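Breakdown of the fold
One-letter residues, chain by chain:
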Amino acid sequence: MITTRRKERDVMNRQRLRIRSGVRSFCLIWAVILCYAAMPSHAQQNNEEGSGAETAEGSVETTTEEKKAEPEEARPAVQPELEAETESPPQIQLPDTETADIRQQIQALRTSLDQRLVAVESTRNRLSYAESLLNRLQDEYNSFELRLEKAGLNLTGNYANLLQQRLERLQRQGIAEDLIGDIESQLSTAREEQLRLEEFEAVIDPGDDARDQLRSQRASLIRQLHKAVTEHIQALNEYFSTVSALKEQVEAYQVLLQQRLFWLPSAPVVGADTLTELFTAVAWFAEQFRLDPLNEAVGKSVKERGGPIAFLIILLALLLIKRPAFKRNLSGNSRYVGNVGRDRIEHTLYAFTNSVLLALPGVLVFAIAALLLREGNDFFSALSGGLATAAIVTLLLALIHNVARQGGLGDAHFNWHIDSLRALRRELPFLLAVIIPITVIMPTTATPDGSEFVDSLGRLLFTAVSIALSTFAHRIIGAVRADRPKSKHLLALHVVAVATPLVLVVASLLGYHYTALELERNLFISICWIAFNAMLFYIGLRALSVRERRLTLARLRERREAERKLAETREAAESSGEGVPQMLDMPEMDLKDINQQSTALLRILVSVLLLTGLWLLWASLIPALQLFDNITLWTIATDLDGGDPLPITLGDLLLALFVGVGTVLAARNLPGTLEVMVLSRMKLEPGTGYAITTLTTYTLVLIGVVVFLGVIGVQWSKLQWLVAALGVGLGFGLQEIVANFVSGIILLFERPIRVGDTVTIDGITGTVSRIRIRATTLVDWDRKEQIIPNKTFVTQDLTNWTLSDSITRVILQVGVAYGSDMDQVQELLTEVAQNNERVVDDPAPAVFCVGLGDSRIDFELRVFVKDPLDIMPLSHEINAAITRTLHEAGIEIPFPQRDIHVRTIADT
């Protein structure tokens, strides 16, 4: 079974190698953008030899001095191969204490004990073997790394070939993928059995009858079984740690080989022998196309994968039938772009989906062909890998072609440069015609029979692809530069984009073919990553644009409504003689700031995502990027007893600075993005949105500070006393500022007052014109601005005249002479109130006789007005109307009268 698994794994590894070699043939498709990223790495090669990657068979030595220093390196190389266990130890079957006879219990426990002891011994043997492998591999790795450091780059091509062979062997061998999972599963099972044994021992009846000897034997077996399970757990823990360390060591070994191979020539310089070999390779390639193996491959593939092949054929037919509809939908998705009322981001997403669907037919053709040849011999299996890779390339290039089509995403939705789109539509078919055949053929050079033609046929195909890419880059960037011919940046990009594929061709012809292929692979992945992030950026930009246009329209409508209300308020104020603010400071952002901040934050997020991916991709290939982690700036003590100090490297410092700058930029640009993407979709009062934005910014800054301090090694245990002292200082020295700050947040969320409300506090009545974190501004009726700390609004009594309802009651006192008809007076006063336009109908006005005075009968006219500013105009209008109405009705409004009686005092 182990041999069968090895064969299956070897077949899978060969298939992965074939696909990988096929991808390398065209990974320079967009090298025009990032090709300069690989160039600085050559300047750093002498500084990072110790971390380079190469491997050689143990019998190969580079210098006489090395042979003397390391004589033990003549030993055979370690083969770090571990297979997963075929069988796990049987689970312990504990008998039922109530139904099972004690002898049956003893027999079951003895069987479980024997099985567990066998499992423990097996695990210990595997542990010993893994430990020996780990020790030997560590010794070999350290010795080999030392030899490579001594040899430097002064190594031959044959030595590089031996390194490549060792790398391929390490990739074929290694730790089984399911081994660690199997160990974890056994550990979990053993821990459960240990707990069940403890429970079983606790519930059994010890007894004191004639069967005590059997019970004692059972108890002894339980203890032995518990001890065996505990020992098994310990062995499994050690085995898990050893296997994990061995896996890490194998991965480090592979990285060492890959890095060193990158700097070594992997093939001889092209010469006359290469040309002769090329003719032989062409003849070999033509001989492989025989009808019988082809029919056999198709027959086996259909038998093994008939269902997926039939599904892909049906899907291809449906896509071809619906292709005209996809084109119409793509055109229709652009119809409402720019129409503020009907434009939606969904139109862009639908257009992208239609572009993908238009690009799929060619992809499915290659995928079907790849499945039909998958079960063939080595040659046809390699062709299958090439066809699968061609499907991926076709998807990428065809998608770009459909994005660049007239009326498509690039034209109607993203507003890309028209000359660039035309150049893409014109040149992409040419690139596809060159790239696809080479992509299909290239993996055949990775077969056992075709591997000898890698240096001839492989380099010829690589050269053809590179020339095609250089031509494509020249035409595309030339079209872009036509609009800006004097741009120095475009000129430099043009030169680099055209020269880089040609430089890689020269490197390949000089023997550095492996280096060129690795650069192609990384450049291809980089360009795919850049294209993905670019698409994310433009889709995000489009979403922001749609939201900003709709927000602009909503703001215009709100502004018109606010101007109308302000005009009405001013008119009422003029008639009342009260002063009102000329304008209110509504806590909302300017539309221009929103646009700039949201776009900047989107650019920052996409850039961080892009750079993170590129760094992860290139860090393993370019040793210079790992230099920052090797420079220790300072160390900090850990809280663990006897623990080693934690080093803080230059990379940690750069990461901390990156976090700090990112936090500042994000906090500065967050309000606009929140306004566009979140707050504008919610029905919030202006102050609530301002509060959410403020608190979110504070939270972001706090998180950024904590992460910044954590990266540079500042521990909370060392800062807690400083924070406590700072808190005490703030409590005593800045308590009023902190109180006002917290009160401002309460006001913004609880909203007892709002901008535009009329309030009375501490004897001051006015209109709220501005709410800030520390203080609130009131404009009183004299047009004086009163700056009141926020704490006052939270801790003192407050009257808000317009919080939930601006309707206010007004009471007017009216006196009539004695002898007047009280019913008539009530009727007249009610009629006066109802005829006034400022008086609301609900609640209705009311008239009451409230007292009998010295010289008059007192009435109260109680009415309600819509706005406090109507109180003074209403009082004037009502009083004037009452005076006129009572005079016409002959009812006297008396004034105070006094009778004076003079007494004559007699002379005394």
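The structure displayed is predicted, hence computed values, not measured ones.

**Side note on the overall build of the protein**
When you go through the protein residue by residue, the secondary structure sums to 25 helices and ten strands. Here the analysis covers contacts within the protein between residues at least 6 apart in sequence; of these, 79% occur between residues at least 24 apart. Total accessible area computed for the protein in this model is approximately 48,500 Å², and 57% of it derives from carbon and sulfur atoms.

**Describing the sheet that holds strand S4 (residues 764-771)**
Read from one edge to the other, the open sheet built from five strands follows the order S6-S5-S4-S3-S7, with strand pairing classed as antiparallel. Looking along the sheet, the strands with just one partner apiece sit at the ends: strand S6 (785-789) and strand S7 (798-800). Put simply, the sheet's adjacent strands are angled 40° from each other on average, direction ignored. Pairing of S4 with strand S5 (residues 775-780), which is carried by five bridges, proceeds in the antiparallel orientation. Across the sheet, Arg 770 pairs through a bridge with Thr 777, a residue of S5.

**Remarks on the packing of helix H10 (residues 291-332) against helix H11 (residues 345-372)**
Two elements in contact, H10 and H11, have axes whose closest approach is 8 Å; the angle formed by their N-to-C orientations is 155°. Here H10 lies roughly antiparallel to H11, going by the angle between them. The element H10 and its partner H11 pack so that their crossing is left-handed.

**Focus: the confidence of the model for the protein**
Averaged over every residue, the pLDDT of the protein is 75; the share at 70 or more is 73%. Scored below 50 in pLDDT, residues 1-75 makes 182 contacts in the model with residues more than four places away or belonging to other chains.

**Looking at the sheet that holds strand S8 (residues 808-816)**
Spatially, S8-S10-S9 is the arrangement adopted by the three strands of the open sheet, whose pairing is antiparallel. Only two strands of the sheet have a single neighbouring strand rather than two, namely S8 and strand S9 (846-852). Strand-to-strand, the axes of this sheet are offset by a mean angle of 25°, without reference to chain direction. Across nine bridges, the pairing between S8 and strand S10 (residues 857-865) is antiparallel. In the strand pairing of S10, Val 816 is matched with Ile 857. Sheet strands in contact with helix H24 (residues 822-834) are S8, S9 and S10, and its direction is about 20° off that of S10.

**Re the packing of helix H15 (residues 454-481) against helix H16 (residues 488-509)**
It is the contact of H15 with H16, at a shortest axis distance of 9 Å, that shows an interaxial angle of 175°. Judged on the interaxial angle alone, H16 and H15 are roughly antiparallel. Looking at the contact of H15 with H16, its residues break down into 16 nonpolar, seven polar and two charged.

**Details of the pattern of salt bridges**
For the structure on display, the rule yields ten salt bridges. In this structure, Glu 375 engages Arg 305 in a salt bridge whose closest nitrogen and oxygen atoms are separated by 2.2 Å. Here Glu 375 is found in the loop between H11 and helix H12 (378-403), whereas its partner Arg 305 is found in helix H10, with 70 residues between them in sequence. Judged by relative accessible area, which is 24%, Arg 305 ranks as partly exposed. Ionic pairing is found between Asp 858 and Arg 856, a salt bridge with its closest N-O pair at 2.8 Å. On the accessibility criterion, Arg 856 (33% relative accessible area) is partly exposed. The structure contains a network of salt bridges with shared partners spanning Arg 426, Glu 427 and Arg 475.

**So, the environment of Gln 813**
You can see Gln 813 is positioned in strand S8. With residues near it in sequence (within four places) discarded, Gln 813 still touches Phe 859 and Glu 860. Here Glu 860 takes part through its side chain, which lies 3.1 Å from a polar atom of the side chain of Gln 813.

**Quick notes on the pairing of strand S3 (residues 758-761)**
With burial as the criterion, each face of S3 is covered, one bearing Thr 758 and Thr 760 and the other bearing Val 759 and Ile 761. Here S3 runs beside S4; their pairing, made up of four bridges, is antiparallel. Looking at S4, one finds that Ile 761 is bridged to Ile 764. Where S3 folds back onto S4 in an antiparallel hairpin, the turn is made up of two residues, including Asp 762, whose phi is positive at roughly 55°. Sheet analysis places S3 next to S7, joined by three bridges and oriented antiparallel. Bridging from a neighbouring strand, Thr 760 pairs with Thr 799 of S7.

The rules we used
- Residues numbered from 1 in each chain as written.
- Predicted model: local features only at pLDDT ≥ 70, side-chain atom pairs only at ≥ 80, totals over all residues.
- Heavy atoms only, no water.
- Helix = DSSP H or I, 4+ residues; strand = E, 2+ residues; numbered from the N terminus.
- Contact = heavy atoms within 4.5 Å.
- Areas by Shrake-Rupley, 256 points an atom, 1.4 Å probe, with all protein chains shown as cover.
- Pairing = 2+ DSSP bridges.
- Axes fitted to C-alpha atoms, helices over the stretch in contact; angles between N-to-C directions.
- Parallel < 35°, antiparallel > 145°, perpendicular 65-115°, else oblique.
- Left-handed = near helix turned anticlockwise from the far one by under 90°.
- pLDDT = per-residue confidence, 0-100.
- Nonpolar A, V, L, I, M, F, W, Y, C, P; charged D, E, K, R; others polar.
- Salt bridge = Lys/Arg side-chain N within 4 Å of Asp/Glu carboxyl O.
- Buried < 20%, exposed > 50% of the residue type's maximum accessible area, 1.4 Å probe, protein only.
- Polar contact = N/O pair within 3.5 Å; in protein donor to acceptor, adjacent residues only side chain to side chain.

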